[in-house]
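Inside the fold
Listed below are the residues making up each chain.
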Amino acid sequence: MRTLLVLGGARSGKSRHAQTRAEAEAGALVYVATAQPFDDEMAERIARHRADRGPRWRTIEAPLDLATTIMAETRPDAVLLIDCLTLWASNLIFAERDVDEATAALVGAIGATRGPLILVSNEVGLGIVPDNALARRFRDVAGTINQAVAAAVDEAVFLAAGLPIRLKP
Amino acid sequence: MRTLLVLGGARSGKSRHAQTRAEAEAGALVYVATAQPFDDEMAERIARHRADRGPRWRTIEAPLDLATTIMAETRPDAVLLIDCLTLWASNLIFAERDVDEATAALVGAIGATRGPLILVSNEVGLGIVPDNALARRFRDVAGTINQAVAAAVDEAVFLAAGLPIRLKP
Amino acid sequence: MRTLLVLGGARSGKSRHAQTRAEAEAGALVYVATAQPFDDEMAERIARHRADRGPRWRTIEAPLDLATTIMAETRPDAVLLIDCLTLWASNLIFAERDVDEATAALVGAIGATRGPLILVSNEVGLGIVPDNALARRFRDVAGTINQAVAAAVDEAVFLAAGLPIRLKP
């Protein structure tokens, strides 16, 4: 594994699977969090996840500038885990960033990594069409990012109930 | 097959797949229903499913005490089909039961079965994040139960359009 | 490939995958669109998709009478691409057509094709239960059509992030 996408639903075991894969690699462990604590529910979830990871992990926050962060942190003896692209998509929309440009920069960074890189993302397009236009926009953006990243990585899995289905290679 | 999890979306053919697998085994057929007829739509659906199964099946209702029911009914010459864990998750939440405790008891019962056991469950985490906190809680609980059960069973499949994708072994 | 179902979520790369598979076949390319431009968002999406396909494709609109259209257009030296069955399900419901009858006619047409036929459909049942009854009815109808078509075709794939998971054969 050089670059890996872990795709799945909410509570599908994505993050745990990604962490287990990361911890099986040699080297330092760097957790790149895209989450921002907008409310108490989110703040509590972030704190719980950080405690679950334990002290082996160093955490960096990168709600928007993912490509820059990857390029600054990637090195042969460190594993980078980006968790997750779906929140990043949401952050880009709220910050009114150019999503296509940010996605292209991320794809460029994936191709230029000097060590293992694991990206976690939600599949959000398998329910019925959302009522409101913003949710539809978010769903489109998240799906477009997933496709671009899946095409760029060496390996991709889809998690269901904690169990991986191989997408590639 | 000793223990099997059949996971899938609404109208993915989960129940039919589970019933076909159960009917291929030797022995009595016991259907453990977690559904409760809260409204007319649900009552009609329950009655239709019972008619679809036909007279070979004995039906037991177990909206909450699934582990106890499995331990009371399991025997080498009977196939137990639990349908479904998602409604059970919903019942636990509404009854304010301890979900972690109930899940641990279910996992214990799965490990202690004396005959074939098939569990049906919905994957509900692949749409966009629900607006309301209760739906998010339900989604978390359902996903956590699915992961625990998937880890405990011998075999798991994910159904899409009536066709199984193998998750394990 | 004689008949192929491409199933997946919103923005999962279904249409692109189906078009790539169609363009790999010899013969004329016929795009059977079930979409109807109810609003500006939909009209814009239809126009963008038509432009993306390019001039090799002939487009036919068939919002309701899919079986008739397939039987009129199928021939050994043309590839038919139906995109998509989920919008067709929605159209049938709004037009108050008999869904079971229309599905049976579609399954008959799939069995009677004289050349390659590719059908695109959304999986919509993997989120939480929708609040309103119409959305639940739509989800049931879409899932039932997917199961019937999946059973009728020679080949079926499930797309996630642009990557196919084999469902059959």
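Overview of the structure. As the structure is a computational prediction, the values presented were derived from the model and not from experiment.

Concerning the overall build of chain A
Across its full length, chain A carries 6 helices and 7 strands. Secondary structure of chain A in N-to-C order comes out as β-α-β-α-β-α-β-α-α-β-α-β-β. Compactness check: chain A gives a C-alpha radius of gyration of 15 Å against a globular reference of 15 Å for 169 residues, within 12% of the reference. Dimensions of chain A along its principal axes, counting C-alpha atoms only, are 45 × 35 × 30 Å.

A look at the interface of chain C and chain A
With 23 residues of chain C at the interface, the matching set in chain A holds 19 residues. When the buried area of chain C at its contact with chain A is split by residue, Arg 11, Ala 161 and Leu 163 of chain C rank highest and sum to 35% of it. For the interface between chain C and chain A, the tally reads 3 salt bridges. Taking the shortest distance from any N to any O, the salt bridge between Arg 11 of chain C and Asp 140 of chain A comes out at 3.5 Å. Joining chain C to chain A, the criterion identifies 7 residue pairs in polar contact (both at pLDDT 80 or more). Going through the elements one at a time, α2 (40-53), α6 (133-152), β6 (155-160) and β7 (163-168) of chain C are the ones with two or more residues in the side of chain C that touches chain A.

Examining the relation of the copies chain C and chain A
Superposition of chain C onto chain A requires a rotation of 120° combined with a translation of 0.0 Å along the rotation axis, giving an RMSD of 0.0 Å. Considering both components of the superposition, the chain copies are consistent with a three-fold axis. The C-alpha atom lying nearest the rotation axis in chain C is that of Gly 127 of chain C; the distance is 2.4 Å.

Side note on the sheet that holds strand β5 (residues 117-122) of chain C
Residue and element names in this part refer to chain C. Overall, mixed pairing links the 7 strands, which are arranged β3-β2-β4-β5-β1-β6-β7 in an open sheet. Edge positions in the sheet fall to β3 (57-61) and β7, since each has one partner strand and no second. Going across the sheet, the axis of each strand differs from the next one's by a mean of 20°, ignoring polarity. Sheet analysis places strand β2 (residues 28-33) next to β3, joined by 5 bridges and oriented parallel. Counterpart to Tyr 31 in the pairing with β3 is Thr 59. Sheet strands in contact with helix α3 (residues 66-73) are β2, β3, β4 (78-83) and β5, and its direction is about 165° off that of β4. Against the sheet, helix α4 (residues 85-94) touches β1 (3-8), β4 and β5, its axis set at about 70° to β5.

Some details on the interface of chain B and chain C
Contacts between the two partners involve 23 residues from chain B and, on the opposite side, 19 residues from chain C. Sorting the residues of chain B by area buried against chain C places Arg 11, Ala 161 and Leu 163 of chain B first, and these three jointly supply 35% of that buried surface. One can count 3 salt bridges joining chain B with chain C. Across the chain B-chain C interface, the total number found is 7 residue pairs in polar contact (both at pLDDT 80 or more). Of all elements in the fold, only α2 (40-53), α6 (133-152), β6 (155-160) and β7 (163-168) of chain B reach the threshold of two or more residues within the side of chain B that touches chain C. The dominant element in the side of chain B that touches chain C, judged by the number of residues it contributes, is α6 of chain B, at 3 residues. Looking at the side of chain B that touches chain C, its residues break down into 11 nonpolar, 7 polar and 5 charged.

Regarding the sheet that holds strand β3 (residues 57-61) of chain B
Residue and element names in this part refer to chain B. Pairing in this open sheet of 7 strands is mixed, and the strands run β3-β2-β4-β5-β1-β6-β7 from one edge to the other. The sheet is open, and its two borders are formed by β3 and β7, each paired with just one other strand. With direction set aside, neighbouring strand axes in the sheet form an average angle of 20°. When strand β1 (residues 3-8) meets β6, the two strands line up parallel, connected through 5 bridges. The residue bridging Leu 4 from the neighbouring strand is Glu 155, located in β6. The strands touched by helix α4 (residues 85-94) within the sheet are β1, β4 (78-83) and β5 (117-122), with β5 carrying the most contacts at an inclination of about 70°.

Observations regarding the layout of surface pockets
Rolled over the atoms, a probe as big as a water molecule pinpoints where empty space is left. Estimated volume of the second largest pocket: approximately 180 Å³. Together, Arg 11 of chain A together with Val 99, Asp 100, Arg 137, Asp 140, Val 141 and Thr 144 of chain B line the second largest pocket. Those elements giving two or more residues to the lining of the second largest pocket turn out to be α5 (99-111) and α6 of chain B. The element best represented in the lining of the second largest pocket is α6 of chain B, accounting for 4 residues.

Remarks on the side chain of Thr 113 of chain C
All names here are of chain C. Relative to the helices and strands, Thr 113 is located in the loop between α5 (99-111) and β5. A polar contact of 3.1 Å, which involves the side chain of Thr 113, links it to the backbone oxygen of Ile 110. Excluding residues that lie within four positions of it along the chain, Thr 113 makes contacts with Arg 2, Thr 3, Ile 70 and Thr 74.

Some remarks on the nonpolar core
Judged by nonpolar contacts, the single largest core of 117 residues is most densely connected at Leu 85 and Leu 119 of chain A, Leu 85 and Leu 119 of chain B together with Leu 85 and Leu 119 of chain C. Among all residues touching Leu 85 of chain B, those that are not within four sequence positions of it are Leu 5, Leu 66, Leu 106, Leu 119, Val 120, Ser 121, Ile 145 and Val 149 of chain B.

Description of the pairing of β5 of chain B
Residue and element names in this part refer to chain B. In terms of residue burial, β5 counts as a mostly covered element, since 6 of its 6 residues are buried. Here β5 shows two buried faces, one formed by Leu 117, Leu 119 and Ser 121 and the other by Ile 118, Val 120 and Asn 122. Taken together, the 6 bridges between β1 and β5 define a ladder with parallel strand orientation. Within β5, the position partnered with Leu 5 by the bridge is Leu 119. Of the pairings in the sheet, the one linking β4 to β5 comprises 4 bridges and is parallel in character. Bridge assignment links Leu 80 to a residue of β5, and that residue is Leu 117.

What counts and how
- Residues numbered from 1 in each chain as written.
- Chains lettered and ligands numbered in written order.
- Predicted model: local features only at pLDDT ≥ 70, side-chain atom pairs only at ≥ 80, totals over all residues.
- Heavy atoms only, no water.
- Helix = DSSP H or I, 4+ residues; strand = E, 2+ residues; numbered from the N terminus.
- Rg over C-alpha atoms; globule rule 2.2 N^0.38 Å.
- Contact = heavy atoms within 4.5 Å.
- Buried area = accessible area lost by both parts, 1.4 Å probe.
- Salt bridge = Lys/Arg side-chain N within 4 Å of Asp/Glu carboxyl O.
- Polar contact = N/O pair within 3.5 Å; in protein donor to acceptor, adjacent residues only side chain to side chain.
- Least-squares fit on C-alpha atoms with pLDDT ≥ 70 in both.
- Pairing = 2+ DSSP bridges.
- Axes fitted to C-alpha atoms, helices over the stretch in contact; angles between N-to-C directions.
- Nonpolar A, V, L, I, M, F, W, Y, C, P; charged D, E, K, R; others polar.
- 1 Å grid on protein atoms, 1.4 Å probe; cavity = no way out; pocket = protein on both sides within 12 Å on 5 of 7 lines; lining within 4 Å.
- Points joined across faces, edges and corners; volume = space filled by probe spheres on them.
- Core = buried A, V, L, I, M, F, W, Y, C linked by side-chain atoms within 4.5 Å.
- Buried < 20%, exposed > 50% of the residue type's maximum accessible area, 1.4 Å probe, protein only.

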